[in-house]
Amino acid sequence: MKYTAYLILALLISGNAFGQQSTDWFLISRNTGKKVLSNGDSIRVFGFAQSLGEQPGVPGPTLFANEGDSVHIDVWNVSQGAPHSIHLHGLDVNQENDGVPHLSWSIGHMEHGYYHFKAPHAGTYLYHCHVASTIHVQAGMYGLIIIKPPDGSKTTWDGGYQYVNEQSYFLSEIDTNWHTDSVLDHDHDTTNTIHSVEVPKFEPQFFLINGLSDQQLVDAGESFNSAVGQVDYTRLANIGYRGVRVTFPPDLHARIISSDGRPLPAEEITDTVYVYPGERFGVLTDPSVEFTGQISFDYIDLNTMNVDQTQVIPVNVSGFADLDEMISDDLAFSIVPNPFDQTSTVQFHLSESKKVRIRILDLMGNEITNVQVQNLNIGKNSFEIGDELKASGLYLVQIFIDEKLSGLKKLIKL
Ligand SMILES: [Cu+2]
């Protein structure tokens, strides 16, 4: 018993020492899914499920890994004849693992396909079937891949921005005329590079966010919820054929920080983000006032530049009374005493020389203090709070390290 315990421990340690964990994804490709649309109609879809008893969803399951992980995908094709594959969009995989037929291979009915890659830079990526991809993607064979930083923390990437919550808006469309048996049961011959399949002109009637549209979004309670002073991370990804103009309410203070899985050299402050087919963006928000509003998604026909349809996600930003505090482990950010009467001390730890700024907001969102902390040490530091907080009540203390919000705490003055 004793020896077994030692052996398991040794394995865990060696895995961590190399910083490489193994992540396994299992997907079943199906051709006989059903999807209910916002008008109540049910259409036939293709898609990916994670167990045999499960219906394939559109989009497919969101797959997670940490940067540096060794990722293995086992795809089992249970689809009555049609071959499928997995193409990892935006991930730098070698050709053998790329899922493009003729370049790699496709998976036949009742066969397994194995893909392997090392999880790249933390970010948002896509997977989709690459067999007759115009049809199979529209049929529903796509999903999101989210790569977290190596430690899996709520940080945009290693050394990036910390956040409290994250959400993804995955954009696509459905043209029901492409979901008939005659289109979906097309000629599956993938031995020819060029083979023609009759398809109707693509004129989508349903414009989806995370697979839902219109009343379905309302019924699912899809909403963007935050609090004053809270930093959140929004991932936008588009697998459709329309360009989508995403407009954030100005009070969310939206900033684009990454594009297609890579950090931008400089963040771009903008309320409007155009997400073209295949693109992904990372957007950081940090509202400074309490408000309700909406994020709108305009689906633009790229031939005519007309807006086909608009979907909305309601936004609710509450005061910071119910904010989730954000404390990173290595910063060891604390405020003692809290609640306080006369003075309180902000304490934090620095492992290297950084610029530190402390900002305090009152319950109305007014800035009470915003100072750069002087005379910093490597190791433990402290900053005194006292007279500047005149009134009794709740305050929000933000700590910025090299201008990145790195900690959020509530402070009560008695
Ligand atoms: Cu396919």
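Residues numbered from 1 in each chain as written. Predicted model: local features only at pLDDT ≥ 70, side-chain atom pairs only at ≥ 80, totals over all residues. Heavy atoms only, no water.

Put simply, the ideal angle at a metal is 109.5 degrees for four donors in tetrahedral geometry and 90 or 180 degrees for six donors in octahedral geometry. Coordination of the copper ion by the protein is provided by H84 (ND1), C129 (SG) and H136 (ND1), with metal-donor distances spanning 2.0 to 2.1 Å. The sequence pattern formed by the donor residues of the copper ion is H-x44-C-x6-H. Taken together, the residues span a long stretch of sequence, with H84 in the loop between β4 (70-78) and β5 (87-89) and H136 in helix α2 (residues 133-139) at a distance of 52 residues. The exposure class assigned to H84 is buried, which follows from its relative accessible area of 1%. (Donors = N, O, S within 2.8 Å, 3.2 Å for Na, K, Ca; no water. Helix = DSSP H or I, 4+ residues; strand = E, 2+ residues; numbered from the N terminus. Buried < 20%, exposed > 50% of the residue type's maximum accessible area, 1.4 Å probe, protein only.)

What follows is about the sheet that holds strand β25 (residues 379-385). One open sheet holds the 3 strands; their spatial order is β21-β22-β25, and the pairing between them is antiparallel. Of all the strands in the sheet, just β21 (334-336) and β25 have a single pairing partner and so form its edges. The mean inter-strand angle of the sheet, taken between neighbouring strand axes irrespective of direction, is 25 degrees. By the bridge criterion, 7 bridges tie strand β22 (residues 344-350) to β25 in an arrangement that is antiparallel. Residue pairing across strands places S344 opposite I385, the latter belonging to β25. (Pairing = 2+ DSSP bridges. Axes fitted to C-alpha atoms, helices over the stretch in contact; angles between N-to-C directions.)

Looking now at unusual backbone geometry. The omega torsion across V58 and P59 is 0 degrees, close enough to zero to call that bond cis. Along the polypeptide, P59 turns up in the loop between β2 (42-49) and β3 (63-66). Note that the residue after N338, namely P339, is joined by a cis bond; omega there is 5 degrees. Residue placement: P339 occurs in the loop between β21 and β22.

Once that is clear, we can look at the layout of surface pockets. In this structure, the largest pocket spans a volume of roughly 770 Å³. In terms of lining, the largest pocket is formed by 32 residues, of which the most central are T155, Q162, S328, D330 and S406. Contributions of two or more residues to the lining of the largest pocket are made by β20 (326-327), β22 and β27 (404-413). Considering each element in turn, the lining of the largest pocket owes the most residues, 3 residues, to β27. (1 Å grid on protein atoms, 1.4 Å probe; cavity = no way out; pocket = protein on both sides within 12 Å on 5 of 7 lines; lining within 4 Å. Points joined across faces, edges and corners; volume = space filled by probe spheres on them.)

What follows deals with the sheet that holds strand β16 (residues 272-275). The 5 strands lie next to each other as β11-β19-β18-β13-β16, forming an open sheet whose pairing is mixed. At either margin of the open sheet sits one strand with a lone partner, and together these are β11 (224-227) and β16. Pairs of neighbouring strands in the sheet enclose a mean axial angle of 20 degrees, with direction left out of account.

Below, the discussion takes up the environment of H109. In this structure, H109 sits in the loop between β5 and β6 (112-118). Here the alpha-carbon distance between H109 and N303, two residues 194 residues apart in the chain, equals 37 Å. If we ignore the near neighbours within four places in the chain, the residues touching H109 are N77, V78, S79, Q80, G81 and A82. For H109, the side chain forms a polar contact with the main-chain nitrogen of S79, separated by 3.1 Å. (Contact = heavy atoms within 4.5 Å. Polar contact = N/O pair within 3.5 Å; in protein donor to acceptor, adjacent residues only side chain to side chain.)

Among the 6 residues in strand β7 (residues 123-128), 6 count as buried, and that is most of the element. Because side chains alternate across β7, one face comprises the buried residues G123, Y125 and Y127, and the other comprises T124, L126 and H128, equally buried. Here β5 runs beside β7; their pairing, made up of 3 bridges, is antiparallel. Residue pairing for β7: H89 is matched across the bridge by L126.

Another aspect to go through is the side chain of R30. Mapped onto the elements of the fold, R30 is located in strand β1 (residues 22-36). It is E54 that comes nearest to the buried, bridge-free R30 among opposite-charge side chains, at 9.3 Å. Within the local environment of R30, its side chain forms a polar contact with the backbone oxygen of V78, the two atoms lying 3.2 Å apart. Setting aside its immediate chain neighbours within four residues, R30 contacts F46, G47, L52, P56, V78 and S79. (Lys, Arg positive; Asp, Glu negative; His and termini not counted. Salt bridge = Lys/Arg side-chain N within 4 Å of Asp/Glu carboxyl O.)

Now for the side chain of K413. Following the sequence through the fold, K413 ends up in strand β27. Within the buried set, K413 has no salt-bridge partner at all; the shortest N-O distance to an opposite charge, 5.5 Å, is to D341. At 3.2 Å, the side chain of K413 and the backbone oxygen of D341 are in polar contact. In contact with K413, other than residues within four places in its own chain, are F340, D341, L389, K390, A391, S392, G393 and Y395.

Attention now moves to the nonpolar core. Judged by nonpolar contacts, the single largest core of 43 residues is most densely connected at L236, F248, I295 and F297. Considering every element that reaches this core, the biggest residue donor is strand β18 (residues 291-300), with 4 residues. Composition of this core by domain shows at least three residues from each of domain 2 (172-189 + 204-322) and domain 3 (326-413). Sequence-distant contacts of L236, defined by excluding residues within four places in its chain, comprise Y169, V246, F248, V273, V275, E279, R280, F281, V283 and F297. I73, I86, A119 and I135 belong to the second largest nonpolar core, which has 30 residues in total. (Core = buried A, V, L, I, M, F, W, Y, C linked by side-chain atoms within 4.5 Å. Domains from an automatic or database assignment.)

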